[in-house]
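Reading the structure
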2 protein chains.
Amino acid sequence: MESRQFVRFLLLFLGIVTLLVITWINLPYAPSNATEIFDCNSFSSWCTSKNRFQPKKIINPLKQLTKSTRHFASHTPQHPLDPLTIQEINHVRTILSSHPLFKFSSPYAFHSVSLEEPDKPLVLNWKRGDSLLPRKASVIARVNNKSYVLTVDLSTEQVTLHSRVPLSGYPTMTVEDMTSSTWAPLANATFNRTILERGVDLKDLACLPISLGWFGKAEENRRLIKVQCYSMKDTANFYMRPIEGLTVLLDMDTKQVVEISDKGRTIPIPKADNTDYRFSAQELHKQMNLINPISIEQPKGPSFVIEDEHMVKWANWEFHLKPDARAGVIVSRARVKDPNTGEVRNVMYKGFSSELFVPYMDPTDAWYFKTYMDAGEYGFGLQSMPLDPLNDCPRNAYYMDGVFAAADGTPYVRSNMVCVFERYAGDIGWRHSESPITGMEIREVRPKVTLVVRMAASVANYDYIVDWEFQTDGLIRIKVGLSGILMVKGTPYENMNQVGEQENLFGTLLSENVIGVIHDHYITFYLDMDIDDSDNSFVKVNIQRQDTAPGKSPRASYLKAKRNVAKTEKDAQIKLKLYDPAEFHVINPTKKTRVGNPVGYKVVPGGTAASLLDLEDPPQKRGAFTNNQIWVTPYNRSEEWAGGLFVYQSQGEDTLAVWSDRDRPIENKDIVVWYTLGFHHVPCQEDFPIMPTVSSSFDLKPVNFFESNPILRIPPNLEKDLPVCKPTASS
Amino acid sequence: MESRQFVRFLLLFLGIVTLLVITWINLPYAPSNATEIFDCNSFSSWCTSKNRFQPKKIINPLKQLTKSTRHFASHTPQHPLDPLTIQEINHVRTILSSHPLFKFSSPYAFHSVSLEEPDKPLVLNWKRGDSLLPRKASVIARVNNKSYVLTVDLSTEQVTLHSRVPLSGYPTMTVEDMTSSTWAPLANATFNRTILERGVDLKDLACLPISLGWFGKAEENRRLIKVQCYSMKDTANFYMRPIEGLTVLLDMDTKQVVEISDKGRTIPIPKADNTDYRFSAQELHKQMNLINPISIEQPKGPSFVIEDEHMVKWANWEFHLKPDARAGVIVSRARVKDPNTGEVRNVMYKGFSSELFVPYMDPTDAWYFKTYMDAGEYGFGLQSMPLDPLNDCPRNAYYMDGVFAAADGTPYVRSNMVCVFERYAGDIGWRHSESPITGMEIREVRPKVTLVVRMAASVANYDYIVDWEFQTDGLIRIKVGLSGILMVKGTPYENMNQVGEQENLFGTLLSENVIGVIHDHYITFYLDMDIDDSDNSFVKVNIQRQDTAPGKSPRASYLKAKRNVAKTEKDAQIKLKLYDPAEFHVINPTKKTRVGNPVGYKVVPGGTAASLLDLEDPPQKRGAFTNNQIWVTPYNRSEEWAGGLFVYQSQGEDTLAVWSDRDRPIENKDIVVWYTLGFHHVPCQEDFPIMPTVSSSFDLKPVNFFESNPILRIPPNLEKDLPVCKPTASS
């Protein structure tokens, strides 16, 4: 080493030492000895939390039995679409444990263990009372850091390893991946020191595992995650106290810290004041009692039954309902009774929320990668927590549990994950009064009662409430409500008067030092419509202005409905336009009503938002299923997940957009309709510290499906049928 | 007379006689003597209907007293905005009867007698307990076929005749105009003969008065109406049995038939089968009982009070509510309590449905003119019938009556015209569960309970259900539901296989010989927003894509919210675009939140439709208020009716579009926002014979109006507060 180089090295070394000493002296909390910094357990309640995901504690079916009257231990599937039972998941685990892939390898983890549904024609032909179709499990596993897709036949115990695995991306994280990622940084001294430097006690630390998308080489060939942290001192709502600008890049497989980025040293952690939303945390004198007790009451009980645990039968509807780790809930075999013929007619073979896309609108270091795909990355069902009786669903609700597999393959029960209830909201099914003009004494009104299936996924901060609402008039409304807590950004600003005219906050100043960052939400639904039969066509009914010929009419213009049958997929890539309106019909081209209209259902878009990102922007390539609001593809059992089977770090080569661009024929075929609900969310102060629910919905609505109004013959409400109620003695 | 002319005359005369004889012989129903044909009373139940509008029967307040516990006879106004009472309307009539204009003239008719609201600053300064502001009536009358606008001061008995009367158009029809028009054609022998020729007994005839719009000279300088008729044989739903193509043009003032057009002789009258929708008309074995009894119950009673008959106070809201003959209902002085300060803050000074526009999309002779403007032509309130308890509104509803004036000025009561009820639909106000990621044991959920104000107008066939829904989080949802009966067209076709590929039906074949004609519905709301104070600004918050500079971020693009304050009216003429999204804020530019955001409310558009007609088409000129979805005008007390004060036969020179094009300044002014809800309606068979309700809504939503979530501190539901219910003994 030359002397010059040595001097440089010495100066650098002394500089580093000086910096370290200064840092050390200025530590707001100086631990008594250095090793303790690294001992997560002694300092962070976060990594020792008793309530952490611990499937082993709840998987013992016998133990479960004492807690639950729904006999999971003895439950056997009754319907070909019934989800895997506890016994079946245990069986899968046993079979695989002796399979060479797992027997001789470690580590391994199961990322998904779910029913491999039998082929559609088999299910369509199956009738209650028939013997059950062969049961198979579809398993997605990581073994020695490689992803595998397998089929396990539960009767033959045969295991099939599928060779066609997506080119890029990784399976949905396991809950163990997510939780362990949040405490892994605590094993890193630099990280801990940084936290202390920010004035946060390790015991007050809360961290979140943030999927990082894909932006190029840096996110390839390695399963990564970014971790960001919060202070939970003095509040349960740690989300409002970000340690801004601090991002830990972690190898998800090794749990090694790859990189720590800290660009937020000058940004204070927002105060805890007014952030806690729990009722117990409100000062007594500030609690507000605005409303007298109110409830939906059914004196003679509900009008629905749930047959064999999963088949819901209500009014003129029946459908199969199951919780799903990735989709949340899956509604299958939705059929409605025709009042004219008594026939129970097919409407939808399968429907579920296929993928979400939630891009945040801040291109800076700690935010640009926040472009969540909640179903494929986190598991929309995995994140669906038990519903709160009387508050999440009304008193008259029935609850359904989910059964999922932990990373080691052991089954566990997510209780009360889905609720089913009848809803009467004071709405009107149909009505007519004769007006004063005719003076006829007619006033015929029918109340509207519907059946709602609900789940609520809490993907960390955000809560998504998904409702499937069935109406007696044949309409299905699919509604998504957003509540929960904003993902916020720390800022030095305490008031907008400190912010320059040209400065971009990327959101709204919600409270002192807190910015609610602008973001979008897209939820794409898979809707395998089978109108009376599987082969259907998609018809765009364009509503177009026609000009009258001069002198032919006092009118200059009128609107005409022009039917355009989509021949191939590209004909059915639809961007909604207010000034180029259309109806979107799924029809059975071989079946007509008495007067000759093709029977059908239409997709009725609700208030929606479109993604405006650059189509070549990496997040938009991965979320390309939001490039249109409606798509139609030919049924293909491998095309269920709009963002691809392996969404995590995917590069967008397995999305709905890619499939649809193959432009396959869709006329008079078994087709799947995809609809995307969208929200632009510019936060406002009312969203702080927890957001009032915002909802949006779309409808599947019969259009010449019935010969006439299917609820013509339902009776009105009569006083004598309504209950007699009194307050409870205790109140 | 020259001999050649005489021969011509003779031939013509003989020809007419021959035609008359042939017609006579071919009459399907030959009355015993000729005079009976012209005697409406003996042949048509229509013109003798006992339930026809007969205000004299119900105006006697003493008689009313025996029927109602709401003491109309003794009711006195308590609030400056309270509607005119029975006594006041009688007083107006007495005052005017001695006024020279009415004393020495006849005929005359009152088309509107309503409160002339005091000037806004006076109302804003008025407090309960203050003496009532001087009461005035605004009267629109027709005297000797001229329209007058008058103000009657009820304290001084002074009458002011306003000289500024709209250039074109006529006042809203009186109910007497409408009803008398329906039987007037029966005095015409040709008409009666035509009806008989169509195979309809006069006793089965039902006719409707159809506003004819304006298309040029033919509809000027004369008050006209078109009458079309139906057979009510074997069904109460005569709307489904049109005598197609027959249109009687009537002079509304003289009741003279001006012209009879009959271009539908070859079109059969559709059969009555399956058209009756009344429950009593359904065969017993076909009645469907799908649902067990269900109701919304409040064991401790409602949470609202209605003070002084019109001031509704519920939860954190209060507002003044009144029925109105033209608008239906008017909501005024809507104010919400701030949970932080306890202050009751102004939100909206006045809101109501200002006008409707319902163009049908058929340019042929019997249909082109059907371009209804239901509020200004028919009176949206006048057509609002008593609501059906338990079916139009839930059991826990309170009902409010309307008091209107008949054509002769006598007051009458429209009972149960508006209902107010609390609604619990099983929805969620806000929620958060901690996810399995954090494992924290948190599950906080608050149910959503709202207050609904409802009316239902039956404008002949169609039923419009209008809901104003108030939420505790500060949101107001305005929802319009469409039900009732389609306006249909007769056709020779019985099946679509008879219809040529190129043929235009102008709608959908709904049943044999019945076409549901395509049409639009637009409902334009007047929203005088006063955010904390009257002077507000309108801000368009454009959500725009920003591209990042190369190398600055892994992201190529993101969205930014850009605030653009509207300076003048044209800045606020807004057409909604999915791919050019924006939020629409009404802010108080002089008032900011603690962290410096201007306080505001935003208009959140719901699923909507835009009018696509040619802007120069006469109906679109009259309905030009639908040219944009949002408009903002400076407050002007004469600009309340979006289609003009005198809409009937108007030429469109007094519309919102004309006012807005004056491009007045609107920044930091008292401003009025106008929002139009739209529906394209392509009928389908499910709409036959009566339509399941279709709804659309928009929201007024606080945006940085509150410092934080205003319902943070409300409690969850607890089992102990809910009622104990049992079926009634009788059921």
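An account of the accompanying structure is given in this report. Everything numeric here is computed off the predicted structure, so don't read it as measured data. (Residues numbered from 1 in each chain as written. Chains lettered and ligands numbered in written order. Predicted model: local features only at pLDDT ≥ 70, side-chain atom pairs only at ≥ 80, totals over all residues. Heavy atoms only, no water.)

**What about the environment of P339 of chain B?**
To keep it simple, the criterion reads: Strands are runs of DSSP state E lasting at least 2 residues, helices are runs of H or I lasting at least 4, and numbering of each runs from the N terminus. In what follows, residue pairs with any heavy atoms lying within 4.5 Å of each other are defined as contacts.
Mapped onto the secondary structure, P339 of chain B falls in the loop between strand 13 (328-337) and strand 14 (344-359). In this structure, the C-alpha to C-alpha distance between P339 of chain B and P710 of chain B, residues 371 residues apart in sequence, is 6.1 Å. Beyond its immediate sequence surroundings of up to four residues, P339 of chain B is in contact with M288 of chain A together with F706 and P710 of chain B.

**Things to note about the environment of H99 of chain B**
With respect to the secondary-structure elements, H99 of chain B resides in the loop between helix 7 (86-97) and helix 8 (100-103). Sequence separation between H99 of chain B and V159 of chain B is 60 residues, and the spatial gap between their C-alpha atoms is 7.9 Å.

**Regarding the sheet that holds strand 23 (residues 514-517) of chain A**
Residue and element names in this part refer to chain A. Counted only if it meets this: In this description, strands pair whenever DSSP reports at least two bridges between them. Convention adopted: a line fitted to C-alpha atoms gives each axis, helices being fitted over their contacting stretch, and angles between N-to-C directions are expressed from 0 to 180 degrees.
Strand order in this open sheet of 3 strands is 21-23-22, and the pairing throughout is antiparallel. Each end of this open sheet is capped by a strand with a single partner; those strands are strand 21 (488-490) and strand 22 (507-511). Strand after strand, the sheet turns through a mean of 40° between neighbouring axes, direction not considered.

**Describing helix 9 (residues 175-183) of chain A**
Residues lying three or four places apart along an α-helix face the same way, a consequence of the helix completing one turn every 3.6 residues. Here is the rule we go by: Summary of the burial criterion: residues with accessible area below 20% of their type's maximum are buried, those above 50% are exposed, and those between are partly exposed, where the area comes from a 1.4 Å probe applied to protein chains only.
For helix 9 of chain A, the tally of buried residues reaches 7 of 9 residues, placing the bulk of the element in the interior. The inward-facing, buried residues of helix 9 of chain A abut strand 1 (108-115), strand 5 (205-210), strand 6 (224-231), strand 7 (246-251), helix 11 (374-378) and strand 17 (411-433) of chain A.

**Some remarks on the relation of the copies chain A and chain B**
The criterion, for reference: Least-squares fitting of one copy onto the other uses the C-alpha atoms of those residues that reach a pLDDT of at least 70 in both copies.
You can overlay chain A on chain B at an RMSD of 0.1 Å; the transform is a turn of 180° with a shift of 0.0 Å along its axis. Such a combination of rotation and displacement between the chain copies is what one expects of a two-fold axis. In this assembly, 100% of the residues forming the interface of chain A have copies in chain B that are likewise at the interface, indicating an isologous arrangement.

**Description of the side chain of T633 of chain B**
Residue and element names in this part refer to chain B. Selection rule: Counting of polar contacts relies on pairs of N or O atoms within 3.5 Å, with two restrictions inside protein: one atom must be capable of donating a hydrogen and the other of accepting it, and residues adjacent in sequence are counted only when both atoms are side-chain atoms.
Mapping T633 onto the fold places it in strand 29 (residues 630-634). Its relative accessible area of 1% is what places T633 among the buried residues. Separated by 2.9 Å, the side chains of T633 and W674 make a polar contact.

**Thoughts on the pattern of salt bridges**
Selection criterion: By definition, a salt bridge exists where a carboxyl oxygen of Asp or Glu is found within 4 Å of a side-chain nitrogen of Lys or Arg.
Going through the model one piece at a time under the given rule, you end up with 110 salt bridges over all chains. E667 of chain A serves as the salt-bridge partner of K567 of chain A, at 3.2 Å between the closest nitrogen and oxygen. Of this pair, K567 of chain A sits in the loop between strand 26 (557-565) and strand 27 (582-592) while E667 of chain A sits in the loop between helix 13 (656-660) and strand 30 (669-681), and the two are 100 residues apart along the sequence. Note that R128 of chain B and E307 of chain B form a salt bridge whose closest N and O atoms lie 3.2 Å from each other. On the criterion of sequence distance, the pair formed by R128 of chain B in the loop between helix 9 (120-125) and strand 2 (136-143) and E307 of chain B in strand 10 (residues 304-307) is long-range, its members being 179 residues apart. R128 of chain B sits in the exposed class, given a relative accessible area of 53%. Salt bridges here are not isolated pairs; linked through shared partners, they connect R423, R454, D467, E469 and K479 of chain A together with D427 of chain B.

**Quick look at helix 6 (residues 86-97) of chain A**
As a reminder of what qualifies: The span expected for a helix works out to 1.5 Å for each residue beyond the first.
Look at helix 6 of chain A: 16 Å from first C-alpha to last across 12 residues, which is about the 16 Å you get at 1.5 Å a residue. Looking at helix 6 of chain A, one finds that the buried residues are I86, E88, I89, V92, I95 and L96 of chain A.

**Digging into the sheet that holds strand 6 (residues 224-231) of chain B**
All names here are of chain B. The sheet built from 4 strands is open, its strands ordered 5-6-7-8 with antiparallel pairing. The two strands at the open ends of the sheet, each matched to only one other strand, are strand 5 (205-210) and strand 8 (257-262). Each strand of the sheet is rotated relative to its neighbour by a mean of 25°, with strand direction disregarded. Across 4 bridges, strand 6 lies against strand 7 (residues 246-251) in antiparallel orientation. Across the sheet, I225 pairs through a bridge with L250, a residue of strand 7. Sheet contacts for helix 10 (residues 175-183): strand 5, strand 6 and strand 7; angle to strand 5, the most-contacted strand, approximately 135°.

**Re the interface of chain A and chain B**
Condition: Defined here as a combined quantity, buried area equals the accessible surface (1.4 Å probe) lost by two parts on assembly, summed across both. Polar here means any residue other than Ala, Val, Leu, Ile, Met, Phe, Trp, Tyr, Cys and Pro, which are nonpolar, and Asp, Glu, Lys and Arg, which are charged; Gly is therefore polar.
On the side of chain B, 198 residues touch chain A, which itself brings 198 residues to the contact. Summing both partners gives a buried area of about 17,400 Å² for chain A against chain B, and 58% of it is carried by carbon and sulfur. Summed over the shared surface of chain A and chain B, the number is 18 salt bridges. Linking chain A to chain B there are 104 residue pairs in polar contact (both at pLDDT 80 or more). Here the residues of the side of chain A that touches chain B sort into 98 nonpolar, 55 polar and 45 charged.

**Details of the state of the cysteines**
Using the following cut-off: Cysteine sulfur atoms that come within 2.5 Å of each other are treated as a disulfide pair.
Counted according to the given criterion, the structure contains 5 disulfides over all chains. There is a disulfide in this structure between C207 of chain A and C229 of chain A, and the S-S distance comes to 2.1 Å. Here C207 of chain A and C229 of chain A share a disulfide; its torsion about the S-S bond, 105°, makes the bridge right-handed. Of this pair, C207 of chain A sits in strand 5 while C229 of chain A sits in strand 6, placing them 22 residues apart in sequence. Here the two residues C207 of chain A and C229 of chain A agree in accessibility, since each one is buried. Each disulfide pairs two cysteine sulfurs, and for C725 of chain A the partner residue is C725 of chain B, the sulfurs being separated by 2.1 Å. Between C725 of chain A and C725 of chain B the sulfur-sulfur dihedral comes to about 110°; the bridge is accordingly right-handed.

Purely geometric numbers; function is a separate question.
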